[in-house]
Amino acid sequence: MPNRPAAPALPRRDQIRKEAARLFAARGFLGVGVDEIGKAVGISGPGLYRHFAGKDAMLADLLVGISERLLDEGRRREGEAAGPRAALDSLIDGHIDFALDDRDLIILHDRELLHLKEDDRRRVRRLQRGYVELWVTVVREAFPPLAAPEAEPLARAAVHAVFGLLNSTPHSAAPQPPQSTQGAQRSQAEPGPERSGLARDSMAALLRALAQGAFVAAATEVGQDRPTA
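Residues numbered from 1 in each chain as written. Predicted model: local features only at pLDDT ≥ 70, side-chain atom pairs only at ≥ 80, totals over all residues. Heavy atoms only, no water.

Enquirer: Looking at this model, I keep getting lost on the overall build of the protein chain. Mind explaining?
Expert: Looking only at helices and strands, one finds nine helices and zero strands in the protein chain. Of the regular secondary structure in the protein chain, the N- to C-terminal order runs α-α-α-α-α-α-α-α-α. Nonlocal contacts in the protein chain, meaning residues at least 24 apart in sequence, comprise 70% of its contacts between residues at least 6 apart. (Helix = DSSP H or I, 4+ residues; strand = E, 2+ residues; numbered from the N terminus. Contact = heavy atoms within 4.5 Å.)

Enquirer: What is the right way to read the packing of aromatic side chains from this model?
Expert: Evaluation of the coordinates by the stated rule reveals five aromatic pairs. When the ring of Y131 is compared with that of W135, the centres are 6.1 Å apart and the planes differ by 65 degrees; the resulting orientation is edge-to-face. Residue Y131 and its partner W135 are located together in helix α6 (residues 118–142), separated by four residues, close to a single helical turn. Here the two residues Y131 and W135 agree in accessibility, since each one is buried. R13 extends its terminal NZ or CZ atom over the ring of F52, reaching a point 4.0 Å from the ring centre. (Phe/Tyr/Trp six-rings, centres within 6.5 Å; stacked < 30°, edge-to-face > 60°. Buried < 20%, exposed > 50% of the residue type's maximum accessible area, 1.4 Å probe, protein only. Lys NZ or Arg CZ within 6 Å of the ring centre and 35° of its normal.)

Enquirer: How should I be thinking about the nonpolar core in this particular structure?
Expert: A general feature of soluble globular proteins is that nonpolar side chains tend to end up buried together. Residues F24, I37, L88, W135, L146 and F215 are the most contacted members of the largest nonpolar core, which totals 64 residues. Mapped by element, the contributors of at least two residues to this core are α1 (12–27), α2 (34–41), α3 (55–80), α4 (84–101), α5 (103–112), α6, α7 (152–167) and α9 (200–225). With ten residues, α6 is the single largest residue contributor to this core. With near-sequence residues (within four places) excluded, F24 lies in contact with F29, V32, I37, K55, M58, L59, L62, L108 and E112. (Core = buried A, V, L, I, M, F, W, Y, C linked by side-chain atoms within 4.5 Å.)

Enquirer: How should a nonpolar patch on the surface be read in this particular structure?
Expert: Where nonpolar side chains cluster on the molecular surface, the patch consists of L198, L206 and L210 and spans about 240 Å² of accessible area. Within the element layout of this structure, L210 appears in helix α9. (Patch = residues over 30% accessible without salt bridge, like charges linked within 9 Å, V, L, I, M, F, W, Y side chains within 5 Å. Areas by Shrake-Rupley, 256 points an atom, 1.4 Å probe, with all protein chains shown as cover. Salt bridge = Lys/Arg side-chain N within 4 Å of Asp/Glu carboxyl O.)

Enquirer: How do you make sense of α6 when you look at a structure like this?
Expert: Every α-helical turn comprises 3.6 residues, leaving residues that sit three or four positions apart pointing alike. Relative to the 36 Å expected for 25 residues at 1.5 Å per residue, α6 spans 36 Å between its end C-alpha atoms, a close match to the ideal helical length. All buried positions along α6 are accounted for by V124, L127, Y131, V132, L134, W135, V136, V138, V139, R140 and A142. (Expected span 1.5 Å × (residues − 1).)

Enquirer: What is the right way to read the pattern of salt bridges from this model?
Expert: Should their charged atoms come close, side chains of opposite charge can pair. Scanning the model with the defined rule gives 18 salt bridges in all. Across the pair R77 and E73 runs a salt bridge whose closest N-O atoms are separated by 2.9 Å. Here R77 pairs with E73, and both are found in helix α3, just four residues apart, close to one helical turn. Overall, R77 belongs to the buried group, its relative accessible area being 17%. The salt bridge involving R122 is made with E118; its shortest N-O contact spans 3.5 Å.

This is how it looks when you write it as structure tokens:
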């Protein structure tokens, strides 16, 4: 058997992010101590303070960070696409990847946003508004019936409905095999995603079809509501 190079270890700060997100999602922000996060990455709790000022800073880093990443990635996808429909398809695919691969962060956003400091919470909301406006603009360009001024609320509602659909699936895909013995031990000791869920590729295809169908339905609704001449 040829030797395969070992996967590079995550930088320590990224290890802390990953374990903090996992623990916060599993037990809640208030139910996890700094010492537990340190133990999960093999350092003392006080050693975490070389990387983060505390638990509040970790939560802010996670929630602000994912909001920035979604907006930046969305803008990149929109800018590189060969037209509005291709841009919308790319936005859908990018958000599906987020929904299926960053389940802990979705849970954190749903449950723990209130624990952010006010300035950080406002920053997250501002980034989220930018992400929504990006989608609304692309949807209205992709479907001309939704470009009419009176159709803007319907386009916006469709975008929020699609976000609700995609963000409601953090436990729907079958779990990935453990990456290490430590991961295997955790998967046996702690509750994980639903094990009767669809495989990731099947779930992604289903979500893509449902999201695309929602926007087609919204555009069709506009056409049906218009008075005939």
